[in-house]
Amino acid sequence: MNSQRAAGLIRCKRDGGELDASALRAVAQGIGDGSWSEGQVAAFAMAVAWRGMSTLECRQFTLALRDSGQCLRWDDLPGPTLDKHSTGGVGDGVSLLLAPLLAACGGYVPMISGRGLGHTGGTLDKLESVAGYDVHPGMARLRQVVEGVGCAIVGQGDELVPADRRLYAVRDVTATVDVAELMVASILSKKLAGGAQALVLDIKIGNGAQLPGVAAARDLAERMLATARGTSLDVRVVFSDMDQLLGREAGNALELRAVLDLLRDRGDNPRLRALTLELAAELLCMGGLSRDRAGAGRRVRAALSSGAAAERFARMVSALGGPADLLERPDAHLESALVQRVVPASASGHVAAVDVRALGQVVVDLGGGRTHPGQAIDHAVGLAEVVGRGDLVDAGQPLAIIHARTAPAADKAEASVRQAFRIAPEAQPCAPLWQWHAPMEQMA
Ligand code: URA
């Protein structure tokens, strides 16, 4: 595209104008094919930050981003395509458990996942704890695995939504990651390109969430629903609690182990299990695989307890290059950290507050997350057996177990972990683990 046309489109947005579908297609094309300079991409993102986008513009930009690359179509599958997106949490292994669970119930899950962002973990990083697992298998293999196994959790790759890849990289360094319209278009364009029919959006609320508060979470929910209306994607929004870890582990291999335990119907992870089963049941209903929530709930619980979900997970891992016996022999395939340090409670009482963001940052500082893009991470480190709000602890009992590479790294983490918990004599009320969003038009 010639530079004058690009400048005209940026000027229109800068001055508060509304761009039509063909203008927004030109923007997405220019970003995706590299004909817009980085400066032009940045100026466009900042113009949207200042002037916003109408719902129609946001939808048309979403569709234009989707069409900047290949789109997966799953017309020949005998079941619905289902997916989930989360705004990012700590100890949140839902995707790892949900995808095989849905596959075991007749759904198909081509799940395009991301890496850790800031203090929150990423599904791809967790899967890369498994030697050989290929998060970029290419479109043909992705299709083969989804068709054969029912689920594949992979990264975005170069083929899907290239304009979003470039725009996101520019947003990351121009203070425009948190622009709601760009966030909505980015997330939905990838889900549409992946071919999902039904999507649950899990928006985290609490001190460990990426969004700053309840108002921002509700705003994102409404924008997401309004933008998705009129597309092929059916969306429901759930708000879930991030005032404590979702599971009891934070860190890549540790979280994966916790999921393997749940898949084998073991382990003590009631919150992670309960939220995953809830989202799975909702998605079965959205996809027409169950007529009512009670039946859907029974079906997903049976898929977990029977080992059917475990079997799907094992097949997905081996089809994507990982070992065939991960579930039987996790210790043979998942690295463990050399140093394990218990952090004891200094007083007896109820856990009244957990600084989730600080605990997520401890994992990053141990080497389990990134401070700059492309950084190699240590999959073995993190926190295990982390207590949650409302738990009763005796003085000296563990608040968490630090898994670190070295003793000095564990020393540094210990001080932060200790400070992340407040113990009180009385139990404090906790937020509900989840709450389904009632869209505004339903509330009227
Ligand atoms: N995840 C995305 O894919 N895009 C955003 O803009 C934010 C989170």
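Relevant structure appears above.
Residues numbered from 1 in each chain as written. Predicted model: local features only at pLDDT ≥ 70, side-chain atom pairs only at ≥ 80, totals over all residues. Heavy atoms only, no water.

Trainee: So what's going on with the overall build of the protein? Residues and values would help.
Mentor: The helix and strand inventory of the protein stands at 18 helices and 12 strands. Taking 444 residues into account, the globule formula puts the C-alpha radius of gyration at 22 Å, and the protein, at 22 Å, falls close to it. Its C-alpha atoms put the protein at 65 × 50 × 45 Å along the principal axes. Counting over 444 residues, the protein shows a buried share of 55%. For the protein, contacts bridging at least 24 residues in sequence account for 79% of all contacts bridging at least 6. A total accessible area of about 17600 Å² is found for the protein, and carbon and sulfur atoms account for 50% of it. Side chains of the protein give 46 positive and 50 negative charges; the mean places of these two sets differ by 3 Å. (Helix = DSSP H or I, 4+ residues; strand = E, 2+ residues; numbered from the N terminus. Rg over C-alpha atoms; globule rule 2.2 N^0.38 Å. Buried < 20%, exposed > 50% of the residue type's maximum accessible area, 1.4 Å probe, protein only. Contact = heavy atoms within 4.5 Å. Areas by Shrake-Rupley, 256 points an atom, 1.4 Å probe, with all protein chains shown as cover. Lys, Arg positive; Asp, Glu negative; His and termini not counted. Charge placed at Lys NZ, Arg CZ, Asp CG, Glu CD.)

Trainee: Can you explain the pairing of strand β10 (residues 398-404)? Please cite residues and give values.
Mentor: Looking along a regular strand, one sees side chains alternate from face to face of the sheet. Most of β10 is tucked away, with six of its seven residues classed as buried. Inspection of the sheet shows strand β6 (residues 339-344) paired to β10 by six bridges, in the antiparallel sense. Bridge pairing in β10 links V342 to I401. In the sheet, strand β8 (residues 382-384) pairs with β10 via three bridges, with the strands oriented antiparallel. (Pairing = 2+ DSSP bridges.)

Trainee: For the sheet that holds strand β7 (residues 349-354), give the residues involved together with the corresponding values.
Mentor: The strand order across the open sheet built from three strands is β9-β7-β11, with neighbouring strands paired in antiparallel fashion. If you trace the sheet from one side to the other, it starts and ends with β9 (392-393) and β11 (421-424), each paired once. Two strands pair when backbone bridges link them, and β7 and β9 are joined in this way by two bridges, in the antiparallel orientation. Residue pairing in the sheet places G349 in a bridge with V393 of β9.

Trainee: Residues and numbers for the site of the ligand, please.
Mentor: The immediate surroundings of the ligand are formed by Y168, R171, M183, S186, I187 and K190. R171 has a polar side-chain atom sitting 2.9 Å from an oxygen atom of the ligand. One of the side-chain N or O atoms of S186 is found 2.7 Å from a nitrogen atom in the ligand. Its free accessible area being 230 Å², the ligand has 82% of it covered by the protein chains. Assessed atom by atom at 2 Å from the grid points, the ligand resides in the largest pocket. Among the elements of the structure, α8 (162-172) and α9 (180-193) are those that each provide at least two residues to the shell around the ligand. (Near = heavy atom within 4 Å. Polar contact = N/O pair within 3.5 Å; in protein donor to acceptor, adjacent residues only side chain to side chain. 1 Å grid on protein atoms, 1.4 Å probe; cavity = no way out; pocket = protein on both sides within 12 Å on 5 of 7 lines; lining within 4 Å. Sits in = over half its atoms within 2 Å of the grid points.)

Trainee: Explain the sheet that holds β6 residue by residue, including any values.
Mentor: If you walk across this open sheet you meet the three strands as β6-β10-β8, and the pairing is antiparallel. Looking at which strands have only one partner, the edges of the open sheet turn out to be β6 and β8. Between one strand axis and the next, the sheet turns through 30° on average, direction left out of account. Where helix α16 (residues 356-368) meets the sheet, its contacts fall on β8 and β10, and the angle it forms with β8 comes to roughly 130°. (Axes fitted to C-alpha atoms, helices over the stretch in contact; angles between N-to-C directions.)

Trainee: I'd like a description of the pattern of salt bridges, backed by residues and values.
Mentor: Going through the model one piece at a time under the given rule, you end up with 32 salt bridges. Of the charged contacts in the structure, one is a salt bridge between R405 and E335, with a shortest N-O distance of 2.9 Å. One end of the pair, R405, is in the loop between β10 and α17 (407-419); the other, E335, is in the loop between α15 (330-333) and β6, and 70 residues separate them in sequence. Residue class for R405 comes out partly exposed when judged on its relative accessible area of 33%. With a closest N to O distance of 2.7 Å, D378 and R405 form a salt bridge. A residue pair is termed long-range when its members are at least 10 positions apart, and D378 in the loop between α16 and β8 and R405 in the loop between β10 and α17 qualify at 27 residues. Overall, the relative accessible area of 14% leaves D378 in the buried class. When salt bridges that share partners are traced, they join R115, D125, E128 and R370 into one network. (Salt bridge = Lys/Arg side-chain N within 4 Å of Asp/Glu carboxyl O.)

Trainee: Tell me about empty space enclosed by the protein, and name the residues and values.
Mentor: Per the counting criterion, the structure on display carries two cavities of 30 Å³ or more. Put simply, the largest cavity is a space of about 160 Å³. Residue lining of the largest cavity: 22 residues in total, with H119, T120, G121, V363 and G368 positioned closest to the centre. Considering every element that reaches the lining of the largest cavity, the biggest residue donor is α16, with four residues. (Points joined across faces, edges and corners; volume = space filled by probe spheres on them.)

Trainee: Residues and numbers for the packing of aromatic side chains, please.
Mentor: If you walk through the whole model with that rule in mind, you get two aromatic pairs. Considering the side-chain rings of W36 and F44, the 6.1 Å spacing of their centres and the 80° angle between planes classify their relative orientation as edge-to-face. The same class applies to W36 and to F44, which are both buried. Considering the side-chain rings of F44 and F61, the 5.6 Å spacing of their centres and the 55° angle between planes classify their relative orientation as tilted. One end of the pair, F44, is in helix α3 (residues 38-51); the other, F61, is in helix α4 (residues 55-66), with 17 residues separating them in the sequence. When sorted by exposure, F44 lands in the same class as F61, which is buried. An aromatic cluster of three or more residues is present, and its members are W36, F44 and F61. (Phe/Tyr/Trp six-rings, centres within 6.5 Å; stacked < 30°, edge-to-face > 60°.)

Trainee: Which residues make up unusual backbone geometry, and what values go with them?
Mentor: We note that V161 has phi near 45°; this positive angle belongs to a residue other than glycine. Within the secondary structure, V161 is located in the loop between β3 (151-154) and α8. Not every positive phi belongs to a glycine, and A175 is a case in point at roughly 55°. Secondary-structure assignment places A175 in the loop between α8 and α9.

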